[in-house]
Amino acid sequence: KLVSNFADTSVGCVSGELILEKTDKSSIGEGLGLYWNYEKFLRKTESRLDSMIGATGALYAIRKNLYTPAPANTILDDVFIPLVAVRQGFRAIFESSALVYDWVAEDTKKEFLRKARTLAGNFQIFLEFKEMFNPVKSRISWQLFSHKFLRAILPIFLILNFLANLFLLNSVFFRNIFILQVLFYGLALVAAIFKQMRRFNIPYVFCVLNLSALVGLYRFLFHKQEVTWQKSQRLTK
């Protein structure tokens, strides 16, 4: 399924689809599953448009003549390698029929650290491929900016949005917006305190992922992120 796509000479890299399966002990299964389904939707759409950003590290293929080894300090080789092919004028596409399976992390901390590593790696990628943000030179400038960069800095906008809202409480509309924000983050806090409430708690997963982005930015700026990847271990089915 993966290799058949190379019949199209414009295709340089093909990524398979990662299926995350939940366990009985997974505390963030539903919320993380929703996030991952949205991520796959973006990849499929980008693939139809032109090229996706990166690949599923667990299953992807690249033309041998396009393969460029990632530098030793590269955190996300599964983003670096496909983008090198795209930079050379080829497409990186998503093949939803090529499947690989993994388990959702049972420990929220492990998933948090994994996402922090990914976000730190994204900032590294932004510098390495900075010319690809230029729409004149890059076909995927909008995907790279909207999908990767804006997502990586979203926590900064969330903080600014909350603080700005404090100065607009004299307006009924913005007062209601503030109340909704407090309720949203309050639900996340309750889930953080009571583990049994995390599984179906989308606000909690949303906050965990965005907090991990802040940690990822900190690790990138201060060179705190290890290059090696630590697999989240599955304890029980």
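As the structure is a computational prediction, the values presented were derived from the model and not from experiment. (Residues numbered from 1 in each chain as written. Predicted model: local features only at pLDDT ≥ 70, side-chain atom pairs only at ≥ 80, totals over all residues. Heavy atoms only, no water.)

Trainee: I keep staring at the side chain of Asn210 and nothing clicks. Help me out?
Mentor: With respect to the helices and strands, the residue Asn210 is situated in helix H6 (residues 202–221). A relative accessible area of 10% means that Asn210 is categorised as buried. Apart from the residues lying within four places of it in its own chain, the contact partners of Asn210 are Leu154, Pro155 and Leu158. (Helix = DSSP H or I, 4+ residues; strand = E, 2+ residues; numbered from the N terminus. Buried < 20%, exposed > 50% of the residue type's maximum accessible area, 1.4 Å probe, protein only. Contact = heavy atoms within 4.5 Å.)

Trainee: So what exactly am I meant to see when it comes to the nonpolar core here?
Mentor: Burial of nonpolar side chains together is a common tendency in soluble globular proteins. Core analysis: the largest hydrophobic core is formed by 30 residues, its most contacted members being Leu83, Phe129 and Met132. The biggest single contributor to this core is helix H2 (residues 77–87), with seven residues. (Core = buried A, V, L, I, M, F, W, Y, C linked by side-chain atoms within 4.5 Å.)

Trainee: In this structure, what is going on with the confidence of the model for the chain? I would like to understand it.
Mentor: Any residue range with low pLDDT should be treated as having predicted coordinates unsuitable for detailed reading. For the chain, the mean per-residue pLDDT works out to 89, and 90% of the residues sit at or above 70. Within the chain, strand S2 (residues 60–62) carries the highest mean pLDDT (97), whereas helix H1 (residues 29–49) carries the lowest (84). (pLDDT = per-residue confidence, 0-100.)

Trainee: How do you make sense of the sheet that holds strand S3 (residues 91–103) when you look at a structure like this?
Mentor: Strand-to-strand pairing in sheets goes through backbone hydrogen bonds, with the strands running parallel or antiparallel. The strand order S2-S1-S3 describes an open sheet built from three strands, whose pairing is mixed. Taken across any chain shown, the strands that pair with only one partner, and hence form the sheet edges, are S2 and S3. The sheet shows a mean angle of 15° between the axes of neighbouring strands, taken without regard to direction. Where strand S1 (residues 11–21) and S3 come together, nine bridges link them in parallel fashion. Bridged to Leu18 within S3 is Val100. (Pairing = 2+ DSSP bridges. Axes fitted to C-alpha atoms, helices over the stretch in contact; angles between N-to-C directions.)

Trainee: Just to check I follow, could you spell out helix H5 (residues 172–193) for this structure?
Mentor: Every α-helical turn comprises 3.6 residues, leaving residues that sit three or four positions apart pointing alike. Helix length check: H5, at 22 residues, gives a terminal C-alpha distance of 31 Å against a target of 32 Å (1.5 Å per residue), a fit within 8%. Turning to H5, its buried residues are Phe178, Gln181, Ala188 and Ala191. Taken end-on, H5 shows its buried residues confined to a sector of 155°, consistent with a single buried face. Seen from the buried face of H5, the exposed residues on the opposite side, beyond 90 degrees, are Val172, Leu183 and Ile193. The elements touched by buried residues of H5 are helix H4 (141–166) and H6. (Expected span 1.5 Å × (residues − 1). Arc of directions from axis to C-beta.)

Trainee: Explain the packing of aromatic side chains to me, please; I cannot follow it from the model alone.
Mentor: For any two aromatic rings, the description comes down to two numbers: the centre-to-centre distance and the angle of the planes. The full count for this structure, using the stated rule, is 15 aromatic pairs. For the pair Trp142 and Phe145, a centre-to-centre distance of 6.1 Å together with 40° between the ring planes defines the contact as tilted. A residue pair is termed a helical-turn pair when its members lie 3 or 4 positions apart in one helix, as Trp142 and Phe145 do in helix H4 at three residues. By relative accessible area, which is 32% here, Phe145 ends up partly exposed. Ring plane angle 40° and centroid distance 5.3 Å describe the contact between Phe162 and Phe178, whose orientation is recorded as tilted. Here Phe162 is found in helix H4, whereas its partner Phe178 is found in helix H5, with 16 residues between them in sequence. Given the relative accessible area of 25%, Phe162 is considered partly exposed. (Phe/Tyr/Trp six-rings, centres within 6.5 Å; stacked < 30°, edge-to-face > 60°.)

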